[in-house]
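What follows is each chain in one-letter form.
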Amino acid sequence: MVCQACGTPVVESVHFCSKCGAQVVATQPVYSQPPAYQQPPMYAQPPMPMYMSRVQRNLQTLGIMWCILGVYRVVTGLIGIIFLRAFTTHNFGDDAWMFGGRFHGPMPPMWIGGLWPLIAVATVFAAALALATGFGLLNRRPWGRTIAIIAAIVAIVKFSILGAALGIYTLWVLAPGASGLEYDAIADRS
């Protein structure tokens, strides 16, 4: 023990310092403990990382754009079927042309009238592929990246300006090997 006033060593049984006469109070020994592991504070959301990968930055946008393309394909396909049906059957079977009077142009070949079921099937397939791609990307499904790459290649081969641009954008985001690892990490977390 040590006197708190003058710092002189004092025997434990003595209550007063022999040098200065101050009362000596027994103190608890101070042990140095290693710092205990402290958990980081809990947040409502984890803090945003400083760097977001290309897949994380663009995945939401890609999913929304594929859904929009699917709806666009449904609408344009229905309009195409209606016009093809109207032009090949002379206003859906009526002899009068839709704007009054008779149709005076050459008759379209009969096989053109049979194209509308084929257009309907192609429209349904293209729209279903685009909507499934958008759903898979927005919900971070494990199969979303694979179907997105397939849909992107189909969109580029079909070559409509909107589809080709979205296909190139999709391949830029999801085709590299590193993007596959990033997408797998995102899909496994969800």
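Up top is the structure.
Everything numeric in this text was worked out from a predicted model, so none of it was measured.

Cut-offs used in this document
- Residues numbered from 1 in each chain as written.
- Predicted model: local features only at pLDDT ≥ 70, side-chain atom pairs only at ≥ 80, totals over all residues.
- Heavy atoms only, no water.
- Helix = DSSP H or I, 4+ residues; strand = E, 2+ residues; numbered from the N terminus.
- Expected span 1.5 Å × (residues − 1).
- Buried < 20%, exposed > 50% of the residue type's maximum accessible area, 1.4 Å probe, protein only.
- Disulfide = S-S within 2.5 Å.
- Axes fitted to C-alpha atoms, helices over the stretch in contact; angles between N-to-C directions.
- Left-handed = near helix turned anticlockwise from the far one by under 90°.
- Contact = heavy atoms within 4.5 Å.
- Nonpolar A, V, L, I, M, F, W, Y, C, P; charged D, E, K, R; others polar.
- Lys, Arg positive; Asp, Glu negative; His and termini not counted.
- Salt bridge = Lys/Arg side-chain N within 4 Å of Asp/Glu carboxyl O.

S.K.: I would appreciate a short explanation of helix α5 (residues 161–174) in the present structure.
M.R.: Structurally, the α-helix is built with 3.6 residues per turn, so residues lying three or four positions apart point the same way. The end-to-end C-alpha distance of α5, which contains 14 residues, comes to 20 Å, matching closely the 20 Å that a straight helix rising 1.5 Å per residue would cover. Along α5, the residues classified as buried are Gly163, Ala164, Leu166, Gly167, Thr170, Val173 and Leu174.

S.K.: I keep staring at helix α4 (residues 144–158) and nothing clicks. Help me out?
M.R.: In a regular helix each residue adds 1.5 Å, so 15 residues correspond to 21 Å; α4 covers 21 Å between its end C-alpha atoms and thus fits that length. All of the buried residues in α4 are Gly144, Arg145, Ile147, Ala148, Ile149, Ala151, Ala152 and Ala155. Just beyond α4, the residue with positive phi is Phe159, at close to 50°.

S.K.: Is there a simple way to think about the environment of Ala26 in this case?
M.R.: With respect to the element layout, Ala26 can be found in the segment before α1 (54–88). When the C-alpha atoms of Ala26 and Gln4 are compared, they prove to be 9.8 Å apart, with 22 residues separating the residues in sequence.

S.K.: In this structure, what is going on with the state of the cysteines? I would like to understand it.
M.R.: When the sulfur atoms of two cysteines share a covalent bond, that bond is a disulfide. Inspection of every chain in the model, using the stated rule, returns zero disulfides. Cys3 carries a free sulfur, and the closest cysteine sulfur to it, the one in Cys20, is 3.7 Å from it.

S.K.: I tried to follow the packing of helix α3 (residues 115–138) against α4 on my own but got confused; where do I start?
M.R.: Two measures define how a pair of helices packs: the angle their axes make with one another and the distance between the axes. At a minimum axis distance of 9 Å, the contact between α3 and α4 shows a crossing angle of 145°. The element α3 and its partner α4 pack so that their crossing is left-handed. Contacts between α3 and α4 pair Leu129, Ala132, Thr133, Gly136 and Leu137 from the former with Gly144, Arg145, Ile147, Ala148, Ala151 and Val154 from the latter. The class makeup of the residues in the contact of α3 with α4 is seven nonpolar, three polar and one charged.

S.K.: Before we go on, may I ask you to explain the side chain of Arg73 in this structure?
M.R.: Mapped onto the fold, Arg73 is located in helix α1. Buried within the structure, Arg73 lacks any salt-bridge partner; Asp184 is the closest side chain of opposite charge, at an N-O distance of 23 Å. If sequence neighbours within four positions are ignored, Arg73 has contacts with Thr123, Ala126, Ala127, Ala130, Ala155, Lys158 and Gly163.

In short, geometric facts, not functional conclusions.
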